[in-house]
Amino acid sequence: MDEHAPKRLGFVGLGRMGRPMARNLLRAGYELTVHNRSRAVVDALAREGARAANSPLLVAAASELVFTCLPTPAAVEAVILGPDGLLTAPPSGLIVVDTSTVNPELSRRLAATAAERGAHLLDAPISGGPPGAEAATLTVMAGGAADVFARALPVLRTIGSNVHHVGPSGAGSTVKIVNQLLTAVNTAAVAEASVLGARAGVSPEVLFDVLRTSYGGSRMLERALPRIMARDFTPGGPIDLILKDLDIIDDVGRDLNVRLLLSSVARGLFKEGRALGLGAEDMAAVVKPLEQAAGVEVRTQGPGVGNDGGVRS
């Protein structure tokens, strides 16, 4: 632990990403005060050494730096600016590190409000999913004042192995939505390509082995295709969540007058998945409407299985 870093930390939002991040802070020896809408996870972390608080306001009062990790922009605004929010009566110099995915305009507005109240806000969204949160190998893309980032950096390195200061307030959220655009488009492309290959009679194992070392390879190919082949759609990043991000991307593109053709196509495909009741499944489940239309299922073909690509009779 860096002797000059904040020692008293807070965490609000202990979901699939927040809980392992909070646990890593505890393991690093920080004092940690936590709050979450549902109480069970708070009690679980309290048994591991965290202090429980009944509101974000009380988390702020006990902390020098507070993380938020929340699912929607509305939740972020409520936790930070609500009647019992982090910025209701913040201690002087409090640093709020929002790791959520939100519109850059909201990040800038929250940072301005923090400054008016003697506090600071970094928009510092994360990438790497639950495995990265568990292993503390997240990529952190932080926007905000350079001196505030420098103060927070030792703490940020406790949750991530790739920590970047990317510019002023709003820049972190901008980089994250660019990342999410690529994540969504590449996942949709992997789904479409794997269905095409399977319908043509090529086994998905062969596709994966060849494509991962070819120009068509990508991190999302390596994430999505094994899940598709194993029919494992346990949500690491649910369809509902990527659709929330795509809605933000659409709003930003419209505001900036940037054509976002591929993200619009991907958004339409993810909406088809949600219409089939797949919203809570992992984003790799976007393959299912394509499979349904093609009459094929992309799944692992064990030894002795014919190379029919999973075509349904």
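Above this text sits the structure in question.
Just so you know, these numbers come straight off a predicted model, no measurement behind them. (Residues numbered from 1 in each chain as written. Predicted model: local features only at pLDDT ≥ 70, side-chain atom pairs only at ≥ 80, totals over all residues. Heavy atoms only, no water.)

Chemist: Got a minute to help me understand the overall build of the protein in this structure?
Modeler: Scanning the protein from terminus to terminus reveals 13 helices and nine strands. Here the C-alpha atoms of the protein give a radius of gyration of 21 Å, agreeing with the 20 Å that 2.2 N^0.38 yields for 313 residues. Looking at the 313 residues of the protein, the share that counts as buried comes to 50%. Charged side chains of the protein number 31 positive and 31 negative; the gap between the two group centres comes to 2 Å. (Helix = DSSP H or I, 4+ residues; strand = E, 2+ residues; numbered from the N terminus. Rg over C-alpha atoms; globule rule 2.2 N^0.38 Å. Buried < 20%, exposed > 50% of the residue type's maximum accessible area, 1.4 Å probe, protein only. Lys, Arg positive; Asp, Glu negative; His and termini not counted. Charge placed at Lys NZ, Arg CZ, Asp CG, Glu CD.)

Chemist: Explanation requested: the packing of helix H9 (residues 204-211) against helix H10 (residues 219-230) in the structure shown.
Modeler: How two helices pack is summed up by the angle between their axes together with the distance between the axes. At a minimum axis separation of 11 Å, H9 and H10 run at an interaxial angle of 170°. Overall, the two elements H9 and H10 adopt an arrangement that is roughly antiparallel. Facing Pro204, Glu205, Phe208 and Leu211 of H9, the residues of H10 in contact are Leu221, Glu222, Leu225, Pro226 and Met229. Classifying every residue of the contact of H9 with H10 gives seven nonpolar, no polar and two charged. (Axes fitted to C-alpha atoms, helices over the stretch in contact; angles between N-to-C directions. Parallel < 35°, antiparallel > 145°, perpendicular 65-115°, else oblique. Contact = heavy atoms within 4.5 Å. Nonpolar A, V, L, I, M, F, W, Y, C, P; charged D, E, K, R; others polar.)

Chemist: Sorry, what's going on with the nonpolar core here?
Modeler: Soluble globular proteins: nonpolar side chains tend toward being buried together. Core analysis: the largest hydrophobic core is formed by 36 residues, its most contacted members being Phe11, Met21, Leu25 and Phe67. Of all the secondary structure elements, the ones that give two or more residues to this core are strand E1 (8-12), helix H1 (18-27), strand E2 (31-35), helix H2 (39-47), strand E4 (65-68), strand E5 (95-98), strand E8 (138-143) and helix H7 (146-159). By residue number, the principal contributor to this core is H7, which donates seven residues. Excluding residues that lie within four positions of it along the chain, Leu25 makes contacts with Leu9, Phe11, Tyr30, Leu32, Phe67, Val155, Thr158 and Ile159. (Core = buried A, V, L, I, M, F, W, Y, C linked by side-chain atoms within 4.5 Å.)

Chemist: Honestly, the pairing of E5 in this entry has me stumped. Any pointers?
Modeler: Residues in a regular strand project their side chains so that they alternate between the two faces of the sheet. Neither face of E5 is exposed, since Ile95 and Val97 on one face and Val96 and Asp98 on the opposite face are all buried. Bridge count between E4 and E5: four bridges; the pairing is parallel. Across the sheet, Thr68 pairs through a bridge with Asp98, a residue of E5. Taken together, E4, helix H4 (residues 73-81) and E5 form a β-α-β motif whose crossover is right-handed. Considered for its hand, the β-α-β crossover made up of E5, helix H5 (residues 104-116) and strand E6 (residues 120-123) is right-handed. (Pairing = 2+ DSSP bridges. Right-handed = clockwise from strand over helix to strand, strands pointing away.)

Chemist: What exactly am I supposed to notice about H2 here?
Modeler: Given 3.6 residues to a turn, an α-helix orients residues that are three or four positions apart in the same direction. Every buried residue of H2 is listed here: Val41, Val42, Ala44 and Leu45. Seen along its axis, H2 keeps its buried residues to an arc of 160°; they face one direction. For H2, exposure combined with an orientation more than 90 degrees from the buried face picks out Ala40 and Arg47. Those residues of H2 that are buried are in contact with H1, E2 and strand E3 (51-52). Of the residues flanking the end of H2, it is Gly49, one or two places downstream, whose phi is positive at about 120°. (Arc of directions from axis to C-beta.)

Chemist: I would appreciate a short explanation of the packing of aromatic side chains in the present structure.
Modeler: Two aromatic rings are characterised by how far apart their centres lie and by the angle between their planes. The full count for this structure, using the stated rule, is one aromatic pair. The interplanar angle of 20° and the centroid separation of 5.5 Å between the aromatic rings of Phe11 and Phe67 together place this pair among those described as stacked. Of this pair, Phe11 sits in strand E1 while Phe67 is found in strand E4, placing the two residues 56 residues apart along the sequence. Given the relative accessible area of 0%, Phe67 is considered buried. (Phe/Tyr/Trp six-rings, centres within 6.5 Å; stacked < 30°, edge-to-face > 60°.)

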